[in-house]
Every structure is written in structure tokens, then in C-alpha cells.
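# Tertiary structure, described
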Amino acid sequence: MKTVSKILLICLALLTVVSLVACADVEKSGSWESATYLSDKSFGNGAKTIEVEVKADQQSLTFTIKTDKAFLGEALAEHDLIEGKEGAYGIFITSVNGITVSEADRTYWALYKDGAYSMTGVDTTPIADGEHYELVKESY
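Residues numbered from 1 in each chain as written. Predicted model: local features only at pLDDT ≥ 70, side-chain atom pairs only at ≥ 80, totals over all residues. Heavy atoms only, no water.

Spatially, 1-3-2-9-7-8 is the arrangement adopted by the six strands of the open sheet, whose pairing is mixed. Each edge of the open sheet carries a strand with a single partner, namely strand 1 (41-44) and strand 8 (116-117). Inspection of the sheet shows strand 2 (residues 48-56) paired to strand 3 (residues 59-67) by nine bridges, in the antiparallel sense. From the neighbouring strand, V54 faces strand 3, where its bridge partner is L61. (Pairing = 2+ DSSP bridges. Helix = DSSP H or I, 4+ residues; strand = E, 2+ residues; numbered from the N terminus.)

As C-alpha cells, then:
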């Protein structure tokens, strides 16, 4: 009986450590100093559920968004997760989660869908339930 108790206690301790690591916050440093959210967060209550991973300075967090919106830009704007300016090709994202990019820093927000670079802008990317997107702060 003691052996079973010890095994259960060890499993519980390992589960607790794994849970803490999985929910770890990003460090509030570099690009993340101006971030609005520093840990994974869920938004909305629509019929479609998508995940948007935000990556900057080798750190990341994931937003889970439940929405009825048709396009990614609408779903992100609905929760004030992006800011941008209208350009010739649609919205040019200048800020994601409070993290900004600039020409002076030679950085921009790249959009990926399921690991592949998106050929559409955020405001013309249709969304469907279960999709995964990444917004990555990149240099040019």
C-alpha cells in the first residue's frame, strides 16, 4: 500500500510541475514589455474556435478565440488584439497584443496558417473551426 501511495504522490507532483510549465507566462522583456497579455488567454463564445499563436523574441503565447466572424482580422479586432493601418493590400498590422513593429526597427508581423506563410492578408483570410494561425514578429 505504501508503494502505491508513493507512486501516486510522485505522479501528482509530476503532473503539477508539467501544468505549471505549460501555463508559464512569457517574460516581460524586450518586445514583450509593452504586451497586453503575458499568458495564454481565451476570448469570445462563437461557433468557430481558432488558435492564434503570437511569437516575438523567441517567446510565444496562444490566444484561443471563439467567434462567428468570417475573417481572421475581424476575429482579432473584435477583441482588440491587433491594430493596423489600411494600405493598398488591406490592413497592415502594426501591433499585436500591444507589441508593435516599425520600419525603423525593420520589423513586421508575418501571418502563418498551420505553419505555412499565408498568401492572404489578415483581413482577407477566411477562418474555419479548428484552424491554427501564427503572428510572428519578423525582421526584413
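Turning our attention to the pattern of salt bridges. As enumerated under the stated definition, the model contains two salt bridges in all. Note that E131 is salt-bridged to K113, the shortest N-O span being 2.9 Å. Note that E131 is positioned in the loop between strand 8 and strand 9 (132-139) and K113 in strand 7 (residues 107-113), a separation of 18 residues in sequence. For K113, a relative accessible area of 30% translates into the label partly exposed. (Salt bridge = Lys/Arg side-chain N within 4 Å of Asp/Glu carboxyl O. Buried < 20%, exposed > 50% of the residue type's maximum accessible area, 1.4 Å probe, protein only.)

In the case of a regular strand, side chains alternate between the two sheet surfaces. Taking burial as the measure, the eight residues of strand 9 include six buried ones, the bulk of the element. Relative to strand 9, strand 7 runs antiparallel, the two sharing seven bridges. Counted as the bridge partner of L111 is L135 from strand 9.

Keep in mind these values describe shape, not function.
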